[in-house]
Amino acid sequence: MNQEYETRYLKARRAVIAQAFRDLNDSQQQAVLTTEGPLLLLAGAGSGKTTVLVHRIANLMRYGSASDSNEIPDYITEQDVETLEAFLQSGQPATPDIDALCTLHPVNPWNIIAITFTNKAANELKNRLERMLGTAALDVWAMTFHSACCRILRREIDRLGYDARFTIYDTADSERVMKDVCRDLHIDEKTLAPRFILNRISKEKDLQRGPKEVAESAAGSGDYRAELIAKAYAEYQRRLREANALDFDDIILRTVELLQQFDEVREFYQRKFRYILIDEYQDTNNLQYQLAALLAGRWENICVVGDDDQSIYKFRGATIDNILNFEHQFQGAKVIRLEQNYRSTQAILDAANAVIRNNRARKGKKLWTQNPAGERITVYEAMNESAEANFVADRIFSLRKTAEYKDFAVLYRTNAQSNAIERSFKANGIPYRIIGGTRFYDRLEIKDMTAYLCLINNRADDLRLLRIINNPARGIGTKTLEMVQRLASARGVPLYEIISHAGDYPALEKSAGKLLGFSAIIEDCAALLQTSRLPDFYDTLLIKSGYAAMLSQKGDIDSRTRLENIQELRSSLVGYEENHPEDASLAGFLEEVALYTDIEQYDKDADAVVMMTMHAAKGLEFPHVFLVGMEEGLFPSLRCIGEPDEMEEERRLCYVAITRAKQTLCLSFADQRMLYGHTNTNRVSRFVEEIPPELLDRQGMAMPSYMNYGGYGTSPRPGRTENSSRQSWSEAPRQSAPRRTQPPIQSAKAAAPLPKLQPGMMVEHKSFGQGMVISVLPMGNDALLEIAFDRVGTKRLMARTAMAHMSVL
DNA sequence: ATCATAACGCTTTTT
DNA sequence: GCGTTATGAT
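Novice: What is the right way to read the side chain of Thr35 from this model?
Specialist: Here Thr35 lies in the loop between helix 2 (26-33) and strand 1 (39-43). Take Thr35: its relative accessible area is 0%, and that puts it in the buried class. In contact with Thr35, not counting residues within four places along its chain, are Arg56, Asn59, Leu60, Gly64, Ser65, Ser67, Asp68, Tyr275 and Asn301.

Novice: Could you clarify how one ought to interpret the nonpolar core in this entry?
Specialist: Soluble globular proteins tend to bury their nonpolar side chains together. If you look at the biggest cluster of nonpolar residues, it comprises 47 residues, and the most contacted ones within it are Met449 and Phe518. Here the element with the most residues in this core is helix 20 (residues 444-457); it accounts for eight residues. In this structure Phe518 touches Tyr452, Leu455, Leu465, Ile468, Ile469, Arg474 and Ile499, once residues within four positions along its chain are discounted.

Novice: Can you walk me through unusual backbone geometry in this structure?
Specialist: Generally, phi is negative for residues other than glycine and the peptide bonds are trans, each holding for most cases. For the bond running from Asn471 to Pro472, omega is 5 degrees, close enough to zero to count as cis. Here Pro472 lies in the loop between helix 21 (462-468) and helix 22 (478-491). Residue Pro636 follows Phe635 across a cis peptide bond; omega there is 10 degrees. Locating Pro636 in the fold gives a position in the loop between strand 15 (622-627) and helix 29 (644-658). Of note, the phi angle at His105 is positive, near 45 degrees, even though the residue is not glycine. Looking at the secondary structure, you find His105 in the loop between helix 5 (96-101) and strand 2 (112-116). His105 sits in the partly exposed class, given a relative accessible area of 41%. A positive phi is found at Glu300, a non-glycine position, where the angle reads about 55 degrees. Following the sequence through the fold, Glu300 ends up in the loop between helix 14 (286-295) and strand 7 (302-306).

Novice: Help me out: how do you make sense of the packing of helix 25 (residues 534-545) against helix 27 (residues 557-579) in this one?
Specialist: Pairs of packed helices are described in terms of their axes, by the angle between the two and the distance that separates them. Contact geometry for helix 25 and helix 27: axes closest at 9 Å, N-to-C directions at 160 degrees. In terms of orientation, helix 25 and helix 27 fall into the roughly antiparallel class. Considering only the axes of helix 25 and helix 27, their crossing is right-handed. Contacts between helix 25 and helix 27 involve Leu534, Pro535, Asp536, Tyr538, Asp539 and Leu542 on the former and, on the latter, Ile566, Gln567, Leu569, Arg570, Leu573, Val574, Tyr576 and Glu577. Here the residues of the contact of helix 25 with helix 27 sort into nine nonpolar, one polar and four charged.

Novice: Honestly, the pattern of salt bridges in this entry has me stumped. Any pointers?
Specialist: Within the structure shown, the criterion is met by 50 salt bridges. In this structure, the salt-bridge partner of Asp170 is Lys447, at a minimum N-O distance of 3.2 Å. Highlighted residues: Asp170 in the loop between strand 4 (167-169) and helix 8 (171-184) and Lys447 in helix 20, separated in sequence by 277 residues. Notably, a salt bridge pairs Arg266 with Asp263, separated by 2.9 Å at the nearest N-O pair. A residue pair is termed a helical-turn pair when its members lie 3 or 4 positions apart in one helix, as Arg266 and Asp263 do in helix 13 (residues 263-272) at three residues. Residue classification places Asp263 among the partly exposed residues on the basis of a relative accessible area of 42%. Beyond isolated ion pairs, a larger network of salt bridges with shared partners links Arg176, Asp180, Arg183, Asp184, Glu235, Arg238, Arg239 and Glu242.

Novice: I would appreciate a short explanation of the sheet that holds strand 8 (residues 334-338) in the present structure.
Specialist: Either a parallel or an antiparallel arrangement is found when strands of a sheet pair, and the pairing is made through backbone hydrogen bonds. Spatially, six strands are ordered 3-2-6-7-1-8 in an open sheet, and the strand pairing comes out parallel. Unpaired on one side and paired on the other, strand 3 (141-144) and strand 8 mark the two borders of the sheet. Between one strand and the next, the sheet's axes are offset by a mean angle of 15 degrees, whatever the strand orientation. The strands touched by helix 2 within the sheet are strand 1 and strand 8, with strand 8 carrying the most contacts at an inclination of about 145 degrees.

Novice: What is the right way to read the pairing of strand 6 (residues 275-278) from this model?
Specialist: On a regular strand, one side chain projects to one face of the sheet and the next to the other, so that they alternate. Here strand 6 shows two buried faces, one formed by Tyr275 and Leu277 and the other by Ile276 and Ile278. Judged from the four bridges that link them, strand 2 and strand 6 form a sheet pairing that is parallel. Looking across to strand 6, one finds that Ile115 is bridged to Ile278. Pairing analysis gives three bridges linking strand 6 to strand 7, with the strands arranged parallel. When the bridges of strand 7 are listed, Leu277 appears paired with Cys303. After leaving strand 6, the chain enters helix 14 and then returns to the sheet as strand 7, a path that is right-handed.

Novice: How do you make sense of the layout of surface pockets when you look at a structure like this?
Specialist: Empty space among the atoms becomes apparent when a probe as large as a water molecule is rolled across them. Approximately 1200 Å³ is the volume found for the second largest pocket. Forming the boundary of the second largest pocket are 49 residues, of which Val177, Asp180, Asp462, Leu463 and Leu466 lie nearest the centre. Among the elements of the structure, strand 4, helix 8, helix 11 (224-242), helix 20, helix 21, helix 22 and helix 28 (586-595) are those that each provide at least two residues to the lining of the second largest pocket. By residue class, the composition of the lining of the second largest pocket is 22 nonpolar, seven polar and 20 charged.

Novice: Teacher, can you tell me more about the packing of aromatic side chains here?
Specialist: Two descriptors summarise a pair of aromatic rings, namely the distance from one centre to the other and the angle between the planes of the rings. Scanning the entire structure with this criterion turns up 13 aromatic pairs. Look at Tyr576 and Phe589: their rings are 5.6 Å apart centre to centre, the planes differ by 70 degrees, and that puts the pair in the edge-to-face class. One end of the pair, Tyr576, is in helix 27; the other, Phe589, is in helix 28, and 13 residues separate them in sequence. Like Tyr576, the residue Phe589 is buried in the burial classification. Joined through ring pairs, the aromatic side chains of Trp141, Phe268, Tyr269 and Phe273 make up one cluster. The side chain of Arg159 reaches across the aromatic face of Phe262, ending 5.6 Å from its centre. Positioned above the aromatic ring of Trp299 is the side chain of Arg298, whose terminal nitrogen or guanidinium carbon lies 4.9 Å from the ring centre.

Novice: What is the right way to read the environment of Met550 from this model?
Specialist: Counting through the fold element by element, Met550 comes out in helix 26 (residues 547-554). Separated by 110 residues in the primary sequence, Met550 and Phe440 have C-alpha atoms spaced 21 Å apart. Not counting chain neighbours up to four residues away, the residues in contact with Met550 comprise Asn471 and Pro472.

Parameters at a glance
- Residues numbered from 1 in each chain as written.
- Chains lettered and ligands numbered in written order.
- Predicted model: local features only at pLDDT ≥ 70, side-chain atom pairs only at ≥ 80, totals over all residues.
- Heavy atoms only, no water.
- Helix = DSSP H or I, 4+ residues; strand = E, 2+ residues; numbered from the N terminus.
- Buried < 20%, exposed > 50% of the residue type's maximum accessible area, 1.4 Å probe, protein only.
- Contact = heavy atoms within 4.5 Å.
- Core = buried A, V, L, I, M, F, W, Y, C linked by side-chain atoms within 4.5 Å.
- Axes fitted to C-alpha atoms, helices over the stretch in contact; angles between N-to-C directions.
- Parallel < 35°, antiparallel > 145°, perpendicular 65-115°, else oblique.
- Left-handed = near helix turned anticlockwise from the far one by under 90°.
- Nonpolar A, V, L, I, M, F, W, Y, C, P; charged D, E, K, R; others polar.
- Salt bridge = Lys/Arg side-chain N within 4 Å of Asp/Glu carboxyl O.
- Pairing = 2+ DSSP bridges.
- Right-handed = clockwise from strand over helix to strand, strands pointing away.
- 1 Å grid on protein atoms, 1.4 Å probe; cavity = no way out; pocket = protein on both sides within 12 Å on 5 of 7 lines; lining within 4 Å.
- Points joined across faces, edges and corners; volume = space filled by probe spheres on them.
- Phe/Tyr/Trp six-rings, centres within 6.5 Å; stacked < 30°, edge-to-face > 60°.
- Lys NZ or Arg CZ within 6 Å of the ring centre and 35° of its normal.

Okay, structure coming up:
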């Protein structure tokens, strides 16, 4: 082929590939077609970055490096070039024949790794890949940093002297270990909190400094605390290794060590991962950068996606430097900005841009959209936090003409703020669910049952053994255990080793029977693993351990939920087995449990308002968003005031929160707020003031209050009403699932005067159904009603709020 | 071993 | 103000 044809071929090839991705905008397309070499994608909020990631992988698998290379396969003829050009003229969709002419070294799915931070993001990626590319996409490594590392470790960690069936310790487990370490080393928890030590260890691990290095630098410093921390670090690490356990940091750290120390391991994975994609790059820490750099060492085809304006996890070791330095760390890196937003209205984007503009440490980026201007942003000033909560409830009712409950999200800075909102939602019959707080796998009974599973999987797991050896009670007391511990540490073996041979030790004469009984339970169940399926094995464990029996004997409501929860754990075992038909194993399941946090997907479809922290909302979007508690001292939090760097992180959090909204955004604050038992008076948040006034629609206290409530009354008085309502809404058990079948609640409240309610009257509430008024207690210009509903029992409601959703029969 | 009382915290927390 | 946890008494 002559040069002219070669040029024409390359041009046509690029055009064909670009046509396959014509649904994307120009910069998105560039991001998909730039396959070779390091690439930094600065992807603003709502700019379709997941779409880009998915299409990028599709391009790699379908066309290989063709869109970004001048290499021409030998077999291409002049005839082929003309075929391609004719095809481009025709405007037809591509056929396999055409694609074949445009493909260059197509990439096998198993040569691609896409790393995310959350399981949620990884799952979404997997699903979208499968939808687009079919089952071939399942061979792409689309997973979190931690699960990718675990997968590598299970194959290679024996080189570091660990057993491949290592256990994962979560934060709570680590804390338990550190507490024990502190006790044994006589470290006073008040001068040096275990949490603080763990934090420091985490930082050291991020810098790849082991106990030795830390001890050396502490030794010279004369810093007593630093020396203690070094000692605690060494002991902590010793115990983890003894128990064949890794904490979250170790999972990454050990992988990095393997790749650094063993040439053949590094070469294997470098060769394997020809293309590397990393999401949320602004949230990576040093260790994760090291990992990425090691994996990308051979091909340097590394594409990272991030947004410096959305970096909100610095407090956990994430360093924005990774994104700011990317171009230095990877020579010849290209940068592509994705700035078109497909999510929000212009007003919302303007507000977000106005806020983030006040930060100095930025790469600089301005979001724009073709979406309509939308409504102005509502700012509501409430008297106190319950008035704020009632306002949110009211606004949800009035927007419900055009939206479902699940279209709303209430975001707050701290979990503690959810209480006031929750109370108001319960009182108004608004279904809701709270994301965050206690995770399923953090519950007592689940931790107990997984402790059994962990011990069966890894007999060296002393931590889990101590948790369950006398739970349920087996008459194995502290004295016996002390003796076992002494014997074990003298011999340098795990506790279980002593327990399973209790008969050999005269010192354990009295309790040998009980100890052997325990080890018999473990061994019997473990034997079952060879022959039975996991759920059946679990059923036996429930019986043999006596755990289920213990709960059903108690019989109170609490124990009932616990029984249900341990059954729920069985369901996850069944689910796990279904997802891993080839390689289901106890170790694999436990890994999933340890690394898996979101159970949100459980009732994703439930029509309920979502409540969560602003941090948890990252990556999500909702038509209508409330940001509550927009007050100085709360958001931005007190600790950031006077700390410029932390204030910038706080502002980024605000930016993240604002950009979650698609259609409407409502900011609210309270003049007085009760939090942690104190009432505070706060000024409105600076973030609200940073938004140009013309974008805002101010409501609430600033104007006479009768204007806000359809022509009557004021909002409830602070203090009294709130106190009187506090004790009344306790009937719903905590963490109860939201009502699934909620009767539709219509329209806003009518602007009618308060009808005179009297005990004995029958009412119909739109959420609670029929009920009888039991008592009416006047309160300021409102009243507290006590109503016995047929379906949901007795509730106390404030008349003014309740009458909007209720009629007298 | 089990219950009661005191004491302590209390941003955010993808893993 | 509230919920969890550590410690001591029975």
